[in-house]
Amino acid sequence: MEPIETFRKDFPILSQRVNGYPLVYFDNAATTQKPRQVIDALSNFFLSSNANVHRGLHELSNRATELLEESRQKIAHFIHAQGPEEIVFTKGTTESLNLVASSLGSLLKPAEGILLTEMEHHSNLIPWQQLAKQRGLRLFYLPIKDKEGGLQMEKLEEIFTHNRIAVFSFTHVSNTLGVINPVESLCSIARKHGVISVVDAAQSAGHRLIDVQKIGCDFLAFSGHKMCGPTGIGVLYGKKEWLEKIPPYQFGGNMVLEADFSDSRWKDPPHKFEAGTLPIAEAIGLKAAIDYLCQIGLDKIALHDEQIGSYAYSKISSLPCIIPLGPKGRRAGIVSFSIKGLHPHDFISFCDRYGIALRGGHHCNKPLLSKLGIDSTVRASFYFYNTQNEVDQFMEIAEKCLRFFKLPCN
Amino acid sequence: MDIQELYQEIILDHSRYPRNFGKPKEGNFVEAEGTNPSCGDSIRVFAQLDPQHQIIETICFEGKGCAICMASASLMTEVAKKKKIEQIKALKENLQGFLTGNEKLKEELPEELACLKGVRHFPIRVKCALLPWHALDKLLTHF
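Note that the coordinates shown come from a computational prediction; the quantities given were computed from them, not determined experimentally.

Colleague: How do you make sense of the sheet that holds strand 8 (residues 196–200) of chain A when you look at a structure like this?
Modeller: Pairing between the strands of a sheet comes from backbone hydrogen bonds, and it takes one of two forms, parallel or antiparallel. Residues and elements named next belong to chain A. Strand order in the open sheet formed by seven strands is 4-10-9-8-7-5-6, with mixed pairing between adjacent strands. Of all strands in the sheet, those bounded by a partner on one side alone are strand 4 (87–90) and strand 6 (138–142). Within the sheet, the average angular offset between the axes of one strand and its neighbour, ignoring direction, is 20°. Across three bridges, strand 8 lies against strand 9 (residues 219–223) in parallel orientation. Counted as the bridge partner of Val199 is Leu220 from strand 9. Lying over the sheet, helix 2 (residues 59–78) contacts strand 4, strand 9 and strand 10 (234–238), oriented at roughly 120° with respect to strand 4.

Colleague: Please clarify how the nonpolar core should be interpreted in this entry.
Modeller: Nonpolar side chains in soluble globular proteins tend to be buried together. Counting 80 residues, the largest nonpolar core has Ile339(A), Phe347(A), Leu358(A), Phe394(A) and Leu136(B) as its most contacted members. Aside from chain neighbours lying at most four places away, what touches Phe394(A) is Phe26(A), Ile316(A), Phe337(A), Phe347(A), Cys351(A), Ile356(A) and Leu358(A). Membership of the second largest hydrophobic core comes to 75 residues, among which are Leu23(A), Leu115(A), Phe140(A) and Leu186(A).

Colleague: Would you take a moment to explain the sheet that holds strand 16 (residues 359–361) of chain A for this structure?
Modeller: Residues and elements named next belong to chain A. If you trace the four strands from one edge of the open sheet to the other, you get 13-14-17-16, paired in antiparallel fashion. Of all the strands in the sheet, just strand 13 (322–324) and strand 16 have a single pairing partner and so form its edges. Going from strand to strand, the sheet's axes swing by 30° on average, the running direction of each strand aside. Here three bridges tie strand 13 to strand 14 (residues 334–339), and the two strands are oriented antiparallel to one another. For Pro324, the partnering residue across the bridge sits in strand 14 and is Phe337. Where helix 10 (residues 298–317) meets the sheet, it contacts strand 13 and strand 14, and its direction lies at approximately 15° from that of strand 14.

Colleague: How should I be thinking about the side chain of Glu120(A) in this particular structure?
Modeller: All names here are of chain A. By secondary structure assignment, the location of Glu120 is in the loop between strand 5 (113–117) and helix 4 (126–135). At 12 Å, Lys226 is the nearest oppositely charged side chain to Glu120, a buried residue that forms no salt bridge. A polar atom in the side chain of Glu120 sits 2.5 Å from the side chain of Thr117. Not counting the four nearest positions on each side in its chain, Glu120 is found in contact with Leu125, Ser169, Phe170, Thr171 and Asn365.

Colleague: What is the right way to read the packing of helix 9 (residues 280–296) of chain A against helix 10 of chain A from this model?
Modeller: When two helices pack together, you describe them by how their axes are tilted relative to each other and by the distance separating the axes. All names here are of chain A. Look at helix 9 against helix 10: their axes get within 5 Å of each other, and the N-to-C directions meet at 80°. As judged from the angle between their axes, helix 9 and helix 10 are roughly perpendicular. Listed contacts from helix 10 to Leu293, Cys294 and Ile296 of helix 9 are Leu298, Lys300 and Ile301. For the contact of helix 9 with helix 10, the residue count by class is five nonpolar, no polar and one charged.

Criteria and cut-off values
Residues numbered from 1 in each chain as written. Chains lettered and ligands numbered in written order. Predicted model: local features only at pLDDT ≥ 70, side-chain atom pairs only at ≥ 80, totals over all residues. Heavy atoms only, no water. Pairing = 2+ DSSP bridges. Helix = DSSP H or I, 4+ residues; strand = E, 2+ residues; numbered from the N terminus. Axes fitted to C-alpha atoms, helices over the stretch in contact; angles between N-to-C directions. Contact = heavy atoms within 4.5 Å. Core = buried A, V, L, I, M, F, W, Y, C linked by side-chain atoms within 4.5 Å. Buried < 20%, exposed > 50% of the residue type's maximum accessible area, 1.4 Å probe, protein only. Lys, Arg positive; Asp, Glu negative; His and termini not counted. Salt bridge = Lys/Arg side-chain N within 4 Å of Asp/Glu carboxyl O. Polar contact = N/O pair within 3.5 Å; in protein donor to acceptor, adjacent residues only side chain to side chain. Parallel < 35°, antiparallel > 145°, perpendicular 65-115°, else oblique. Nonpolar A, V, L, I, M, F, W, Y, C, P; charged D, E, K, R; others polar.

Here you go:
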């Protein structure tokens, strides 16, 4: 079997040198690189088919509309939705989650509760927090165990039993801890209590198989750019009956069925959630990304993700002064850590001089880090094009850095 | 650009042993904070002002930040003490101008701040160096 890293050749950006060293790109949780196939799809669209969709009667508009709807169909198939009408195009995970919080939120009754987990990043925390403030709803958090980060599953039944929770919104994979949450169980328990489930798949779509039927969620959100697609395109999956029930999120052209000076009626979902001109080229680029990932195989990608994550975690943990976050066992390809006596910025700037791209900060996950008593961390996040050899190169530079800064624990 | 250029020995020393570090226990101090929301770094500057002569009498700081930020804050408190407000404002402008590309301003910088000059070759770190100075700028509005 072909090693998965051989697909590196499809990513022109990866073959460059940065600051004189071969680029080691470990910032995939922020955004992934794009293969030539996706770049070509974007370029071909602009070269041959660019037009607005759904309203033109000319050939190019027709072509663009067909390509866009093919993409919707492809996405539906990719996540096992029942049909394309369950796929809403948005500009990213954040907009998808804002859409659910705002539209579904308008149907919630005061004193009903929303349950999140303590590991949610800002995209899946702030929209609900603000909704709760505006509408007098109560906000609950399912706690994490400790810095290893698994959820306290045993608390879930208790929270559902003793509180009037209407919505449970949680991440599939933590962007800071690398924890893979048991989405199917979480949704199943929610369903048992009549609670609507929303899954944030920003870090899992394109990294592992997403089957919304199997997961059993009511809504699921993800971005194109974290799975080889372009920026500015995201998806909200919603069960058809929910998308029919909840009101539009934004208003304007393209989502209206009928309008007069006093009132308007909306198109059926998904179009009633797609006001204005969509990111058409980006949606077509996302289809190319899905085709590309499927050609490699999501099972192979997921396996690589977990293997490289565990390898990096064990290597990084062995360094002096390093405090790794997240589980020791099964984990996604995201490893965050803090360093005793050294700020993440200094570590990252040092590594950057050797061509290694890392992320530092709170990863839009401030409440979680505050709970863990950490200000910010270094994060190395991987994708299928990253190799064990790159992790080894990184380790050499990391050790060099710790020596350079003469940390007391060295 | 070599990494040593950024992390000169004197920078590392100031970051490990920041001067004038700590919150004042008593006295009539004004304070202001600078934060960088992307990384959570935060510096709080305290100063005793002499409004009659427009002078900073004493100055100290507390907070968390990277080596560049902590060293810059430490150097700032050393340089700003007993200086006139106008001088400090000019100093901040010159440092900011120099770090963001105006080579000519190098001569305008006091010797003590020369060790920060490597930061200009690391544009993403300029905001780390300037964070305490922005806090000081805010503090000066108390005059």
